[in-house]
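One letter stands for each residue in the lines below.
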Amino acid sequence: MNPATDQLLKAAQDAQKQGKLPPVHLWNPDFCGDLDMEIKRDGTWFYEGTPIGRKPLVRLFSTILKLEDGKYFLVTPVEKVGIRVEDAPFVAVDIEAMGEGPGQSISFTTNVGDTVVAGQDHVIRVDRDEAGEPSPYVHVRAGLEALIDRKSFYRLVDMGEAHEVDGTEMFGVWSDGTFFPIIPVAELDLSDA
């Protein structure tokens, strides 16, 4: 790692020792350039073209990640470096539900160890490509989202039900008193049901 990377790691480690996420939302240092770091769609972090295999190191970097104007940065109180993110910076790799219907609570765990309960502060959204293939996401923190992995999305769909939203019958899920639409009921393919 280079000196800039070492400083980023030190800032993340200092915050972790305090047992909380660093206050990156308060840090607005000058831009110091781009770092050859990328987060792939599957959640793998790369540095100079090589996967970062140490999970604790990836977790540390994830704690100093910041989104500004659609771009991703690793920040400390004194520096800000740009990195590339192929899709979402995190992947939701596990899901757990308690209760059912409007009283249901759905929690997601990410590949970097964050756990969030879907609700007004942690919104679930589903984008579709031209072919109609879904890309589901859950908001984790400060504009940063996790792509919900396939197995977790299938489990999420298994929890779904129909509910009217703005005059349209939608299929979706409840969590923490909020309904999250996935697809209009009229577009559901029930041929395999």
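This text follows the structure it describes.
Let me begin by describing the structure that accompanies this report.

Calculation rules
Residues numbered from 1 in each chain as written. Predicted model: local features only at pLDDT ≥ 70, side-chain atom pairs only at ≥ 80, totals over all residues. Heavy atoms only, no water. Buried < 20%, exposed > 50% of the residue type's maximum accessible area, 1.4 Å probe, protein only. Helix = DSSP H or I, 4+ residues; strand = E, 2+ residues; numbered from the N terminus. Pairing = 2+ DSSP bridges. 1 Å grid on protein atoms, 1.4 Å probe; cavity = no way out; pocket = protein on both sides within 12 Å on 5 of 7 lines; lining within 4 Å. Points joined across faces, edges and corners; volume = space filled by probe spheres on them. Nonpolar A, V, L, I, M, F, W, Y, C, P; charged D, E, K, R; others polar.

## Quick word on the pairing of strand β6 (residues 80-85)
Logical step 1: Among the 6 residues of β6, 5 are classified as buried, and the element is accordingly described as predominantly covered.
Logical step 2: Where strand β5 (residues 71-75) meets β6, 4 bridges bridge the pair, whose relative direction is antiparallel. Looking at the pairing, Val75 lines up with Lys80 of β6.
Logical step 3: Turn length for the β5-β6 hairpin, with the two strands adjacent in sequence and antiparallel, is 4 residues.

## What about the layout of surface pockets?
Logical step 1: A volume near 310 Å³ is recorded for the second largest pocket.
Logical step 2: As for the second largest pocket, its lining consists of Arg41, Glu133, Pro134, Ser135, Pro136, Leu147, Ile148, Asp149, Arg150, Phe153, Tyr154 and Val157.
Logical step 3: Elements supplying a minimum of two residues to the lining of the second largest pocket: β11 (134-141), β12 (144-148) and α3 (150-158).
Logical step 4: Considered class by class, the residues forming the lining of the second largest pocket number 7 nonpolar, 1 polar and 4 charged.

## Details of the pairing of strand β15 (residues 178-184)
Logical step 1: In terms of burial, β15 is a largely internal element, 5 of the 7 residues being buried.
Logical step 2: Here strand β14 (residues 168-175) runs beside β15; their pairing, made up of 6 bridges, is antiparallel. Residue pairing for β15: Val173 is matched across the bridge by Phe180.
Logical step 3: Where β14 folds back onto β15 in an antiparallel hairpin, the turn is made up of 2 residues, including Asp176, whose phi is positive at roughly 55 degrees.

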